[in-house]
Amino acid sequence: SKEKTELINSRKEYKNKVRTLFGKGQIYNTTLIGKLTTLLATKVMNLDPFGVGIEMEADKPNWYDSLNGLPGLIGSSSAETIEVLRLARFIESVLERHKDKVPCLVFPEEVSDLISRQMEELLPVEDTMEYWEVEESLRSEYRKRVFFGLSGREKEIRVEKLVAYLKQVIEVFSRAVERAKDPKSKLIRTYFYYVAEDYEVVEGKVHLSGAPIVRVKRFSQHILPLFLEGQVHYLRVLEDNNQVKALYDAVKRSPLFDQELEMYKVCASLRNESLEIGRSAVFTPGWLENESIWLHMEYKYLLELVKKNLDRVIFTDLLKTAVCFQKPSVYGRSILENSSFIVSSAFPDESQWGRGFVARLTGSTVEWLHIWLILCVGRDLFFLDSANRLCFKFSPRLPEWLFTSETKKIPGRGTLAGNSFAFHLFSKTLVVYHNPERYNCFLPDVGVVHITAITDEDKRIEVKGDTLVGETAELLRAGKIKEVSCRIDKRG
């Protein structure tokens, strides 16, 4: 037909224009805060029709890639919603600290105009469906405007206006996170998809594919079972210790906790889900990405709990969950190696429960190294004091059961006394904690009270307290201290 021919020609013209213009023009340089704010502004326009999850606009489901069918089902995730909230809080905190020094910031005019329009037309909207329609319009206009590049023109935005904008974003996305909570368990519902229940055809408009364009009037929401991923992201925005403990207890009571293995499953049962959600639903329960102990996500969860100083995790959960503490006869491979997943008790064959398998490379190692670093040294390693001197603080959070009960030999390093714990820092410096009273180091009144450092030149440095300051800290950072001995005791 004539209409189809015109459509094909318009598509060819469009593609030719892309080939001609794409990659041309100068590179636009901006600040880190400019990049982060631009990222935030584009994410703000991606809430789903129920105002709870970020739509999968990139045709990918982010971390949980086995839910690869969700993008085609108008899928969304509250994990990204929580990260938008976290990003907005972070940018606001930075601007609040420096607003007296930096009165305004410079942005491409396209971004500046987008932020202004969001403040006027989008963020004041409280009805979720209306918000979705407004954001769809703003998003389409913005993409058309920047698709072939930026104009190069810039506009200033006063910091006071940006802070006001961020407060609006925080308010909107705080409500979205609350909507993600399950009313009964109070856990975060992570994944959703939407079905158009009522729509109308837009007359006189067709898609480039030739399909009619419709305006959806009403969606129905489908909520997938619980996923550990949502709880991990939620922990990152919780600031109240009571809320952290409540979430931890709720997870323990939920289907995410494997009662038999005392480990954490990547998701609850997907038995009643359609195969359309992706390959997760294909696997046997307890295997691969369906209700197994997916080590990368379990370690992410434990890491966030360790960051929140939840003592129960340090004292009990790590002993049950960390691969290095598993029985080799059950784990089925070296306990010095992580796995992609551990078969959970949801798997039909009980003989495989607790066994580790490698389906592909696992990202769990970096989480475990982070946990290890916090337990051995603390969260804030290097910092500058009021005199602008480099400092290094030893703040171990080790449980007493990790300390030796008798003298042990360290290959190439001599012997390790009883009631001690040793590790290599920066692959160079041997650090030994001496804990004669076997205190739990995570207790608030327990810590390092004395440090002895020995340099590569056998110079002995004695320090009262838990912090190396100035030249000694610089030597440690440079790898020029071969051994550090720390005595642990009650402070005061």
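In what follows, the accompanying structure is described. (Residues numbered from 1 in each chain as written. Predicted model: local features only at pLDDT ≥ 70, side-chain atom pairs only at ≥ 80, totals over all residues. Heavy atoms only, no water.)

1. Topic: the overall build of the protein chain
When helices and strands are tallied, the protein chain shows 13 helices and 21 strands. Overall size of the protein chain, expressed as C-alpha extent along the three principal axes, is 90 × 60 × 40 Å. With 492 residues in all, the protein chain has 46% of them scored as buried. Taking as baseline every contact in the protein chain between residues at least 6 positions apart, the subset at least 24 positions apart corresponds to 69%. Of the accessible surface of the protein chain, which amounts to about 25500 Å², a share of 51% is contributed by carbon and sulfur atoms. Both charge centroids of the protein chain, one from 70 positive and one from 69 negative side chains, sit 3 Å from each other. (Helix = DSSP H or I, 4+ residues; strand = E, 2+ residues; numbered from the N terminus. Buried < 20%, exposed > 50% of the residue type's maximum accessible area, 1.4 Å probe, protein only. Contact = heavy atoms within 4.5 Å. Areas by Shrake-Rupley, 256 points an atom, 1.4 Å probe, with all protein chains shown as cover. Lys, Arg positive; Asp, Glu negative; His and termini not counted. Charge placed at Lys NZ, Arg CZ, Asp CG, Glu CD.)

2. Looking at the sheet that holds strand β20 (residues 467–469)
Two orientations exist for strands paired in a sheet by backbone hydrogen bonds: parallel and antiparallel. Read across the sheet, three strands follow the order β12-β13-β20 without closing on themselves; strand pairing throughout is antiparallel. Among the strands making up the open sheet, the edge pair consists of β12 (382–384) and β20. The average undirected angle you get between the axes of adjacent strands in this sheet is 30°. With three bridges joining them, β12 and strand β13 (residues 390–393) adopt antiparallel strand pairing. Looking at β13, one finds that Phe383 is bridged to Cys391. (Pairing = 2+ DSSP bridges. Axes fitted to C-alpha atoms, helices over the stretch in contact; angles between N-to-C directions.)

3. Observations concerning the environment of Ser254
Topologically, Ser254 is positioned in the loop between α8 (241–253) and β7 (257–258). Given the relative accessible area of 9%, Ser254 is considered buried. Placed 28 residues apart in sequence, Ser254 and Leu226 show a C-alpha to C-alpha distance of 8.6 Å. Ser254 has contacts with Leu187 and Leu226, leaving out every residue within four places of it along the chain.

4. Considerations on the sheet that holds strand β11 (residues 356–357)
Reading across the sheet, the three strands line up as β9-β10-β11 and stay open at both edges, with antiparallel pairing between neighbours. Whereas interior strands pair on both sides, the edge strands pair on one side only; in this sheet they are β9 (293–294) and β11.

5. Brief notes about the pattern of salt bridges
On inspection of all chains with the given rule, the structure shows 37 salt bridges. Notably, a salt bridge pairs Asp458 with Lys482, separated by 2.4 Å at the nearest N-O pair. Taken as a pair, Asp458 in the loop between β18 (446–455) and β19 (460–464) and Lys482 in strand β21 (residues 481–490) lie far apart in primary sequence, 24 residues in all. Here the salt bridges share partners, and the residues they tie into one network are Glu83, Arg86, Arg236, Glu304 and Lys307. (Salt bridge = Lys/Arg side-chain N within 4 Å of Asp/Glu carboxyl O.)

6. Description of the environment of Asp349
Tracing the sequence through the fold places Asp349 in the loop between β10 (341–342) and β11. A polar contact of 2.6 Å, which involves the side chain of Asp349, links it to the side chain of Ser351. (Polar contact = N/O pair within 3.5 Å; in protein donor to acceptor, adjacent residues only side chain to side chain.)

7. Thoughts on the packing of aromatic side chains
The tally for this structure, following the rule as stated, stands at 26 aromatic pairs. Through a chain of ring-to-ring contacts, three or more aromatic side chains come together here, namely Trp372, Phe382, Phe392, Phe394, Phe403, Phe421, Phe423, Phe426 and Tyr433. Its end group placed over the ring of Phe257, Lys252 keeps NZ or CZ at 5.1 Å from the ring centre. (Phe/Tyr/Trp six-rings, centres within 6.5 Å; stacked < 30°, edge-to-face > 60°. Lys NZ or Arg CZ within 6 Å of the ring centre and 35° of its normal.)

8. Section: unusual backbone geometry
Residues other than glycine seldom take positive phi values, yet Leu288 does so here, at roughly 50°. Relative to the helices and strands, Leu288 is located in the loop between β8 (263–264) and β9. Even without being glycine, Asn309 reaches a positive phi, approximately 60°. As for its position among the elements, Asn309 is in the loop between α9 (295–307) and α10 (311–321). Classification of Asn309 as partly exposed rests on a relative accessible area of 40%.

9. What to know about the packing of helix α7 (residues 228–237) against α9
Remark: α7 packs on α9, axes separated minimally by 9 Å, with the N-to-C direction vectors making an angle of 25°. Between α7 and α9, the angle falls in the class roughly parallel. Read as a crossing pair, α7 and α9 show a hand that is left-handed. Facing α7, whose interface residues are Leu228, Glu229, Gln231, Val232, Leu235 and Arg236, α9 presents Met297, Glu298, Lys300, Tyr301, Glu304 and Leu305. Across the contact of α7 with α9, the residue classes break down as six nonpolar, one polar and five charged. (Parallel < 35°, antiparallel > 145°, perpendicular 65-115°, else oblique. Left-handed = near helix turned anticlockwise from the far one by under 90°. Nonpolar A, V, L, I, M, F, W, Y, C, P; charged D, E, K, R; others polar.)

10. A closer look at the pairing of strand β16 (residues 420–425)
Here β16 pairs with strand β17 (residues 429–434) via six bridges, running antiparallel. Bridge pairing links Leu425 to Thr429 in β17. Counting the residues between successive antiparallel strands, the hairpin from β16 to β17 contains three residues, one of them, Phe426, with a positive phi of roughly 55°.

11. What about the environment of Leu336?
The topology assignment puts Leu336 in the loop between α11 (328–331) and β10. Taking relative accessible area as the criterion, Leu336 reaches 79% and is therefore assigned exposed.

12. Comments concerning the side chain of Asn338
Within the secondary structure layout, Asn338 lies in the loop between α11 and β10. Looking at Asn338, the relative accessible area reads 17%, which means it is buried. Here Ser364 takes part through its side chain, which lies 3.4 Å from a polar atom of the side chain of Asn338. A polar contact is formed between the side chain of Asn338 and the side chain of Thr365, at a distance of 3.5 Å. Each residue touching Asn338, except ones within four places of it in the same chain, is listed here: Leu295, Tyr299, Val323, Tyr331, Arg333, Val358, Thr362, Ser364 and Thr365.

13. A closer look at a nonpolar patch on the surface
A cluster of nonpolar residues, Tyr199, Val201 and Val214, forms a patch on the protein surface that exposes about 270 Å² of accessible area. Within the fold, Val214 resides in strand β6 (residues 212–223). (Patch = residues over 30% accessible without salt bridge, like charges linked within 9 Å, V, L, I, M, F, W, Y side chains within 5 Å.)

14. Details of α10
Of all the residues in α10, the buried ones are Val313, Ile314, Asp317, Leu318 and Thr321. Projected down its long axis, α10 shows its buried positions confined to an angular sector of 120°, all on one face. (Arc of directions from axis to C-beta.)

15. Remarks on the nonpolar core
Counting residues in hydrophobic clusters, the biggest one holds 137 residues, and the most contacted among them are Leu40, Tyr165, Phe173, Phe394 and Tyr433. Here this core gets 12 residues from one element, more than from any other, and that element is helix α6 (residues 159–180). (Core = buried A, V, L, I, M, F, W, Y, C linked by side-chain atoms within 4.5 Å.)

16. So, the state of the cysteines
In protein structure, a disulfide is the covalent linkage between the sulfur atoms of two cysteines. By the definition in use, this model includes zero disulfides. Unpaired in this structure, Cys441 has its nearest cysteine sulfur neighbour in Cys376, at a distance of 10 Å. Judged by its relative accessible area of 4%, Cys441 falls in the buried class. No disulfide involves Cys486; its nearest neighbouring cysteine sulfur is the one of Cys441, lying 10 Å away. (Disulfide = S-S within 2.5 Å.)

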